[in-house]
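Observations on the model geometry
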Amino acid sequence: FQEVSETPNNIIANLTDFMLDPYGYADAEYIDFIKNNPVDKLIDLDADYQELSEEIKNGTRIWKEEIDYAITELFKDMQDENLQNKLLENQKTWDAFAKDEFAFDEELIYSNQLGGHEVDLGLSTRYMLLCRNRALHIKYLHFMLECGISDRDKTDYLSLKFKNA
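Report follows, based on the coordinates. (Residues numbered from 1 in each chain as written. Predicted model: local features only at pLDDT ≥ 70, side-chain atom pairs only at ≥ 80, totals over all residues. Heavy atoms only, no water.)

Re the pattern of salt bridges
For the coordinates displayed, the defined rule picks out 11 salt bridges. One salt bridge connects Lys57 with Glu54, and the closest N-O pair in it is separated by 3.5 Å. Placement of the pair is Lys57 and Glu54 together in helix α4 (residues 49–77), with a separation of 3 residues, close to one helical turn. Given a relative accessible area of 52%, Lys57 falls into the exposed group. Between Glu101 and Arg126 there is a salt bridge; the shortest N-O distance is 2.3 Å. Note that Glu101 is positioned in helix α5 (residues 81–111) and Arg126 in helix α6 (residues 117–147), a separation of 25 residues in sequence. (Salt bridge = Lys/Arg side-chain N within 4 Å of Asp/Glu carboxyl O. Helix = DSSP H or I, 4+ residues; strand = E, 2+ residues; numbered from the N terminus. Buried < 20%, exposed > 50% of the residue type's maximum accessible area, 1.4 Å probe, protein only.)

And the structure:
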């Protein structure tokens, strides 16, 4: 466990690292692995303009699968059924929030005729990234739990495995 010595200004400056390690538990190796995770490599956000929409849809599908996979893997180490049920309920709430937020943004933008192809791509990308961040956060919580399992080597951590690797 690493002591958190970040000030709010440092946290904001290092937002990506903070989002990957919000509780100061991970080491540089973990952060580097997650920054370079195998799923991001499957999604070509540098695709040609015509293909980008399909890449983003594919990325959203993949990251949603990773959320489900991360929960399934976490439950292998989280034996408390009450906590499992809380996470499942929390996931339903998160999913509804993400969909509602996306729908609100879309409605506000289009009701004011602010849309267009780039806005469509931006909305879709934002939703995909919400799913990505959710999957990685669940994996992070699992990583923290696995750090406390004394007989498990880091190379065997379930939290470092991806369904779509």
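Thoughts on the packing of aromatic side chains
If you walk through the whole model with that rule in mind, you get 7 aromatic pairs. Both rings, one in Tyr23 and one in Tyr140, keep their centres 5.9 Å apart while their planes meet at 45°; by these two values the pair is tilted. Note that Tyr23 is positioned in the loop between α2 (15–20) and α3 (28–35) and Tyr140 in helix α6, a separation of 117 residues in sequence. Owing to a relative accessible area of 42%, Tyr23 belongs among the partly exposed residues under this scheme. Measuring from ring centre to ring centre gives 5.7 Å for Phe143 and Tyr157, while their planes differ by 65°; the resulting arrangement is edge-to-face. Linking Phe143 in helix α6 with Tyr157 in the segment after α6, this pair joins segments that are 14 residues apart in sequence. We classify Phe143 as buried; its relative accessible area is 2%. (Phe/Tyr/Trp six-rings, centres within 6.5 Å; stacked < 30°, edge-to-face > 60°.)

Structural notes on the nonpolar core
Core analysis: the largest hydrophobic core is formed by 33 residues, its most contacted members being Tyr30, Trp63 and Ile67. Elements represented by at least two residues in this core include exactly α3, α4, α5 and α6. With residues near it in sequence (within four places) discarded, Tyr30 still touches Leu20, Leu136, Lys139, Tyr140, Phe143 and Leu160. (Core = buried A, V, L, I, M, F, W, Y, C linked by side-chain atoms within 4.5 Å. Contact = heavy atoms within 4.5 Å.)

These figures capture arrangement, not role.
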